[in-house]
Amino acid sequence: MSIEKFTENAAVLFKYSTIAYFFLSFYYFMSLPTGGDEPLFLSDLQLINNVGWYDAIAKNVSIPYLVLAYPLSFFLEDFVALKTVNILLIVLLFVYFYYVKKIKSKELYSYVLFFISTVGYFFFGTNDCLFFVSLIIFFNEVNSAVNSNKVHFNLAFSALIIAFFTRELFLIYLPIVFIGSYILYQSGCRFTKKTVYPLGIFILLLMLNIPSLQQNGSLSFDRKLPPEGLGVSWSQRQYLAQLMVNNGELTNFQHPGWEQTKEYLEKNGKESLPDGILESITFDWQLTIKEFFKDFGYSILYSFRSLGLMILITLGYWLKLENNKIGRCSFVPFSTLLMLMIFSFIIISYVELRWLSAVFVMTIVYYSELEDQKKISKYFIFANYIVLCLFSIYGAFKIFLKM
């Protein structure tokens, strides 16, 4: 049997195993009790019901996400309303790929379904899904410009605006947002009469932020704030977490409590922990560099679980194609590598791979394009299918045992 036939059979097995994996994952994650950051958004919905939108925004909430969830909360439980928004956003992303971008590759949809099923957090009742879907749409339009395909500029602009108002994490993505915007401009994208729609979205969201701007001097975002009057910041708590992990006092991916962080500062002085991202980077350069390599290696290694060989093949193809130079067709792989490096550099404790979802999904899109254009070795494609099949079967089995 030829390698082509083996690959074809592996693709069929992957498709059906992924469909089963997705439905099991959907059922499992949708039925989980609240956890992680979900209580924060539940409390935001309750706050709106208790004090109204104006006072809730003044206390910082994620406006775009809650604007979508709030109407659903009239006839659904708040928890269900939050999750339902994300299910609709997943459907919207597939509709965008299929009907707007006219992507007919079945493999792409299988890859994205596998990714969503594996990471799980697209099903969680948080604003992550809205943020990442918005960025994916923007970056995919940039990718279209790179490939000289039709660009829906006003859609890209609208998606970017929504991402900007949804999460402060947007600031970390600014380097590739600027690069993407430059590519769109160089491709001939300009404001038109239809640009009134994204500008209208911007003005509306800016006006909704007025209570926060008046009271806090900043836009309204969900924030992990310490108890009032404690005098401790999240960055200090995160930095202490890494120090404690390195000393064997905590296990990986855990954090000390707010009170514990305060006690550390009282014992060692206010200057013993950095406050803010920039100060965290420069506080101890030796630790920063050490954690950079550790976090970068961790990110590459554990992305393997949700992307299979796609990230390695994509980066490898890019480096070979460009001979280590950055060209226009490098936007997706370069953006993925750059964001991996940025998060590894600024996050002292550990990198949450969900923060990279936007570039990871674009890596899938890029890989799918290479596969369709037969620019990847047939042996690599076959190997990737085998890896993804094994992971989808393993993931479904693990979920089945938990149900």
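Peer 1: What is the right way to read the pattern of salt bridges from this model?
Peer 2: It is possible for side chains of opposite charge to pair when their charged atoms get near one another. Counted under the stated rule, the structure contains eight salt bridges. Where Asp-128 meets Arg-354, a salt bridge forms, and the shortest distance between an N and an O atom there is 2.5 Å. A residue pair is termed long-range when its members are at least 10 positions apart, and Asp-128 in helix α7 (residues 128-146) and Arg-354 in the loop between α17 (331-346) and α18 (357-372) qualify at 226 residues. Like Asp-128, the residue Arg-354 is buried in the burial classification. When salt bridges with common partners are traced through the structure, they connect Asp-37, Asp-128, Arg-167, Glu-352 and Arg-354 into a single cluster.

Peer 1: How should helix α2 (residues 38-51) be read in this particular structure?
Peer 2: Given 3.6 residues to a turn, an α-helix orients residues that are three or four positions apart in the same direction. The first and last C-alpha atoms of α2 sit 20 Å apart over 14 residues, in line with the 20 Å expected at 1.5 Å per residue. For α2, the set of buried residues is Glu-38, Phe-41, Leu-42, Asp-44, Leu-45, Leu-47 and Ile-48. Packed against the buried residues of α2 are α3 (53-58), α4 (63-72) and α5 (78-100). Just beyond α2, the residue with positive phi is Gly-52, at close to 95°.

Peer 1: Hey, could you run me through a nonpolar patch on the surface in this one?
Peer 2: Taken together, the side chains of Phe-202, Ile-203, Leu-206, Met-207, Ile-210 and Leu-213 define a hydrophobic patch exposed on the protein surface, amounting to about 490 Å² of accessible area. For the nonpolar patch, the element with the most residues is helix α10 (residues 196-208), which contributes four residues. Within the secondary structure layout, Leu-213 lies in helix α11 (residues 210-216). Judged by relative accessible area, which is 34%, Leu-213 ranks as partly exposed.

Peer 1: Looking at this structure, how should I read unusual backbone geometry?
Peer 2: For residues other than glycine, phi is negative in most cases, and the peptide bonds are mostly trans. Positive phi, normally seen in glycine, also occurs at Lys-102, with a value near 60°. Relative to the assigned elements, Lys-102 resides in the loop between α5 and α6 (106-119). Given a relative accessible area of 54%, Lys-102 falls into the exposed group. Of note in this structure, Lys-374 is not a glycine but carries a positive phi near 55°.

Peer 1: When you look at the environment of Thr-261 in this model, what are you seeing that I'm missing?
Peer 2: Tracing the sequence through the fold places Thr-261 in helix α13 (residues 258-268). According to the relative accessible area criterion, Thr-261 is buried, its value standing at 0%. In the structure, Thr-261 is positioned twelve residues away from Leu-273 in sequence and 9.3 Å away in space, judged by C-alpha atoms. Among all residues touching Thr-261, those that are not within four sequence positions of it are Val-232, Gln-236, Arg-237, Leu-240, Pro-256 and Leu-273.

Peer 1: Please explain the environment of Leu-68 as it appears in this structure.
Peer 2: Within the secondary structure, Leu-68 is located in helix α4. Among the residues examined, Leu-68 registers a relative accessible area of 40% and is labelled partly exposed. Excluding residues that lie within four positions of it along the chain, Leu-68 makes contacts with Val-85 and Leu-130.

Peer 1: Quick question: what am I supposed to make of the packing of α5 against α7 here?
Peer 2: The packing of two helices is summarised by the inter-axis angle and the distance between the axes. Between α5 and α7, the shortest axis-to-axis distance is 9 Å and the interhelical angle comes to 10°. As summarised for this structure, α5 and α7 are arranged roughly parallel, according to the angle between their axes. For the pair α5 and α7, contact is made by Asn-86, Leu-89, Ile-90, Leu-93, Tyr-96 and Phe-97 and by Cys-129, Leu-130, Val-133, Ile-136, Ile-137, Asn-140 and Glu-141, respectively. Class assignment for the residues of the contact of α5 with α7 results in ten nonpolar, two polar and one charged.

Peer 1: Can you walk me through the packing of aromatic side chains in this structure?
Peer 2: Two aromatic rings, taken as a pair, are described by how far apart their centres are and by the angle between their planes. Throughout the structure, instances matching the rule amount to 44 aromatic pairs. Between Tyr-98 and Tyr-109, the aromatic rings sit 6.2 Å apart at their centres with planes inclined by 55°, giving tilted as the arrangement. With Tyr-98 in helix α5 and Tyr-109 in helix α6, the pair connects residues that are eleven residues apart, well separated along the chain. On the accessibility criterion, Tyr-98 (34% relative accessible area) is partly exposed. A residue is classified by how much of its surface remains accessible, and Tyr-109, at 14% relative accessible area, is buried. Among the aromatic side chains, those forming a connected cluster through ring pairs are Phe-131, Phe-132, Phe-138, Phe-139, Tyr-173, Phe-331, Phe-343 and Trp-355. Cation over ring: Lys-104 sits above Tyr-98, and NZ or CZ is 3.8 Å from the ring centre. Over the face of the ring belonging to Tyr-185 we find Arg-190, whose NZ or CZ atom lies 3.8 Å from the ring centre.

Thresholds applied
The residue count restarts for each chain, going from 1 along the sequence in the order it is written. Reporting of local features is limited, given that this is a predicted model, to residues whose pLDDT is at least 70; pairs of side-chain atoms are given and counted only at 80 or more, and all residues count toward the totals for whole chains, interfaces and linings. Side-chain numbers come from the whole structure's heavy atoms, not from hydrogens or water. Salt bridges are defined by distance alone: a side-chain nitrogen of Lys or Arg within 4 Å of a carboxyl oxygen of Asp or Glu. Only DSSP runs of H or I reaching four residues or more are called helices, and only runs of E reaching two or more are called strands; each is numbered from the N terminus. Burial classes follow relative accessibility: with a 1.4 Å probe on protein chains only, a residue under 20% of its type's maximum area counts as buried, one over 50% as exposed, and anything between as partly exposed. Every helix has an expected span of 1.5 Å times one less than the residues it contains. Should any heavy atoms of two residues lie within 4.5 Å, those residues are counted as being in contact. A residue counts toward a patch only above 30% relative accessible area and without a salt bridge, and it is joined to like-charged neighbours within 9 Å or, for Val, Leu, Ile, Met, Phe, Trp and Tyr, to nonpolar neighbours within 5 Å. In this description, accessible areas are obtained by the Shrake-Rupley approach with a 1.4 Å probe, and a residue is regarded as covered only by the protein chains that are shown. For every element, the axis is a line fit to its C-alpha atoms; helices are fit only across the contacting stretch, and the angle between N-to-C directions ranges from 0 to 180 degrees. For this classification, under 35 degrees means roughly parallel, over 145 means roughly antiparallel, 65 to 115 means roughly perpendicular, and everything else is oblique. The residue classification treats Ala, Val, Leu, Ile, Met, Phe, Trp, Tyr, Cys and Pro as nonpolar and Asp, Glu, Lys and Arg as charged. All others, Gly included, are polar. A pair of Phe, Tyr and Trp rings is counted when the ring centres sit within 6.5 Å of each other, with Trp represented by its six-membered ring. The angle between the planes then sorts it: under 30 degrees is stacked, over 60 is edge-to-face, the rest tilted. We count a charge as sitting over a ring when the NZ of a lysine or the CZ of an arginine lies within 6 Å of the ring centre and within 35 degrees of the ring normal.

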